[in-house]
Amino acid sequence: MTLPDEFKALVVAETQENQYTRSIAQKKIDDLPEGDVVVQVLYTSLNYKDVLSATGNRGVSRNYPHTPGIDAAGIVADSTTEAFKPGDPVIVTSYDLGMNTAGGFGQYIRVPAGWVVSQPQSLTAAEAMVYGTAGFTASLSVWNMIESGVAPDDGDILVSGATGGVGSIAVSILSKIGYSVTAINGVVDETDYLNEIGAKHIISIDEAGDTSGRPLLKSLWAGGIDTVGGDILATTIRSTKYGAAVTCCGNVASADLPLNVYPFILRGVRLIGIDSQNCPMPIRQKIWQKIASEWKIDWLQTITTEASFDELNDKIELMLQGKHIGRTIIKMVD
Ligand SMILES: NC(=O)c1ccc[n+]([C@@H]2O[C@H](COP(=O)([O-])OP(=O)(O)OC[C@H]3O[C@@H](n4cnc5c(N)ncnc54)[C@H](OP(=O)(O)O)[C@@H]3O)[C@@H](O)[C@H]2O)c1
């Protein structure tokens, strides 16, 4: 495959202290960091972390100018390793991609071979990016919950942030594999959407966040997939049935967890931390195989908005304003 002289990338630059601009610029392959594999990005996706990186959040990206994009699916364009050959379809998510390594918001990336996953045959690049980091995290959460012994017959699973990227995919997968899902609806009424993606019951954010301070609440949930943290995660843990498992991956509501030990020592609740970024490669490959086979969502189009590279900036703004639903994928080829 011939490498291009130039390609396009979204570049975030600091113009004045704490003021950042985003523009599409021409880049050269030599501008990319060192690495074993050059990938032509066909699709990328939009995640909460990308928005942080695109707005100058130094906790995500330390150095600017920078090209965000924690997800990429495409074709190997050049490789110095036997493991990947030009033309191979691949997925790159997690590790340092898009954080301090130029990411999927550019038409080419160059990364270490250890970050690259072969794209399963039953997924297209666009489908792989509907999942992306959000879908991978949702799947890793579901996998951990199942591994800890929660079965469909045990009762309802509560999913928070259910209209978001991680939550939507968690609701969809759980519903597809036979779990009864209760979804937490946010500020705007998204009942129709949540029902369409498989939620059986829906509760409001107010119901989901108990601030009474009682250490234990009525036993409702056999499991929980939490993406928001704070009072909602604490309430979920206090409202579980005996032996439930709750996963925790995000902090959009709060990084605090106002709890005491009673749910753990009186109900045997398990709280499972989810980190997609450094998930070991053997588990990562297993999860992608699940996504591409028995967990593949039948209504991917319901949760997906596809946009062009030129529309990426508008989509970042939408997510910044909290008006983003499901998953947005970006077609990176002209
Ligand atoms: N640990 C990991 O490996 C990992 C990987 C990926 C993502 N994450 C984290 O997971 C979280 C979700 O990511 P995402 O991509 O799904 O984000 P997203 O698409 O922006 O979705 C966020 C969801 O949270 C809800 N929400 C927002 N503010 C809330 C609040 N104050 N209280 C309750 N719910 C609230 C939103 O609903 P409304 O807008 O309707 O309120 C929406 O459903 C983020 O914290 C992200 O950093 C972690």
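If you're wondering where the values come from, they're calculated on a predicted model, not measured in any experiment.

Reading the values: rules and limits
- Every chain is numbered independently, its residues counted from 1 as its sequence is written.
- It should be noted that, the model being predicted, local features are given only for residues of pLDDT at least 70 and side-chain atom pairs only at 80 or more, the latter also being counted only at that level, while totals for whole chains, interfaces and linings use all residues.
- Hydrogens and water are ignored here; the side-chain numbers use all heavy atoms of the structure.
- Pairing between strands requires that DSSP locate at least two bridges from one strand to the other.
- Strands here mean DSSP runs of E at least two residues long; helices mean DSSP runs of H or I at least four residues long; both are numbered from the N terminus.
- Inter-axis angles, ranging from 0 to 180 degrees, are taken between N-to-C directions of lines fitted to C-alpha atoms, where helices are fitted over the stretch in contact.
- Throughout, near means a residue has at least one heavy atom within 4 Å of the molecule or strand.
- Side-chain atoms alone can form a polar contact between residues adjacent in sequence; in general such a contact is a pair of N or O atoms within 3.5 Å, and within protein one must be able to donate a hydrogen while the other accepts it.
- Note on areas: Shrake-Rupley with a 1.4 Å probe; residue coverage comes only from the protein chains shown.
- These domain limits were set by an automatic method or by a database of domain assignments.
- Here a residue-residue contact requires only that any non-hydrogen atoms of the pair lie within 4.5 Å.
- Buried surface area refers to the total accessible area, computed with a probe of radius 1.4 Å, that the two partners give up upon joining, counted for both partners together.
- Every case where a carboxyl oxygen of Asp or Glu lies within 4 Å of a side-chain nitrogen of Lys or Arg is listed as a salt bridge.
- Between the rings of Phe, Tyr and Trp (Trp by its six-membered ring), a pair exists once the centres lie within 6.5 Å; its type follows the angle of the planes, with under 30 degrees stacked, over 60 edge-to-face, and the other angles tilted.
- Think of it in three bands: with a 1.4 Å probe and only protein chains considered, a residue is buried below 20% of the maximum accessible area for its type, exposed above 50%, and partly exposed in between.
- Placement of a charge over a ring requires the Lys NZ or Arg CZ to be within 6 Å of the ring centre, with the centre-to-atom vector within 35 degrees of the ring normal.

(A) Spatial organisation of the sheet that holds strand β8 (residues 157-159). Spatially, β10-β9-β8-β11-β12-β13 is the arrangement adopted by the six strands of the open sheet, whose pairing is parallel. Each end of this open sheet is capped by a strand with a single partner; those strands are β10 (201-204) and β13 (270-273). Geometrically, the sheet is characterised by an average inter-axis angle of 20 degrees between neighbouring strands, direction not taken into account. Pairing of strand β9 (residues 181-185) with β10 involves four bridges; the strand directions are parallel.

(B) Up close: unusual backbone geometry. The omega torsion of the bond from Y64 to P65 falls at 5 degrees, within 30 degrees of zero and hence cis. By secondary structure assignment, the location of P65 is in the loop between α1 (48-54) and β4 (71-79). Notably, S94 is not glycine yet its phi reads approximately 70 degrees, a positive angle. Note on placement: S94 falls in the loop between β5 (89-93) and β6 (108-111). Of note, the phi angle at Y95 is positive, near 50 degrees, even though the residue is not glycine. Mapping Y95 onto the fold places it in the loop between β5 and β6.

(C) Molecular detail of the site of the ligand. The immediate surroundings of the ligand are formed by 25 residues, with T163, G165, V166, I274 and S276 found nearest. Here G164 contributes a backbone N or O atom positioned 3.0 Å from an oxygen atom of the ligand. In this structure, a nitrogen atom belonging to the ligand sits 2.8 Å away from a main-chain N or O atom of I274. For the ligand, whose accessible area on its own is 920 Å², the fraction buried by protein is 78%.

(D) Structural context of the domain arrangement of the protein. Partitioning the protein into domains gives domain 1 (7-119 + 299-331) and domain 2 (134-273). A straight line from the C-alpha centre of domain 1 to that of domain 2 covers 29 Å. At the interface, eight residues of domain 1 touch 14 residues of domain 2. In total, domain 1 and domain 2 occlude about 980 Å² of area from one another, counting both sides; carbon and sulfur atoms represent 66% of this. Run the count over domain 1 and domain 2 and you get zero salt bridges. Connecting domain 1 to domain 2 are four residue pairs in polar contact (both at pLDDT 80 or more).

(E) Geometry of the packing of aromatic side chains. In this structure the tally under the stated criterion is four aromatic pairs. Centre to centre, the rings of Y95 and W115 are 5.8 Å apart; their planes meet at 10 degrees, and the pair counts as stacked. Here Y95 is found in the loop between β5 and β6, whereas its partner W115 is found in the loop between β6 and β7 (116-118), with 20 residues between them in sequence. Each member of the pair Y95 and W115 is classed as buried. The ring of F136 has R284 sitting right over it, with the charged end atom 4.9 Å from the ring centre.

(F) Fine view of the pattern of salt bridges. The full count for this structure, using the stated rule, is nine salt bridges. A salt bridge links E317 to R22; its shortest N-O distance comes to 2.8 Å. Of this pair, E317 sits in helix α10 (residues 312-320) while R22 sits in strand β2 (residues 19-27), and the two are 295 residues apart along the sequence. On the accessibility criterion, E317 (33% relative accessible area) is partly exposed. Among the ionic pairs, E294 bridges to K290, the shortest N-O distance being 2.8 Å.

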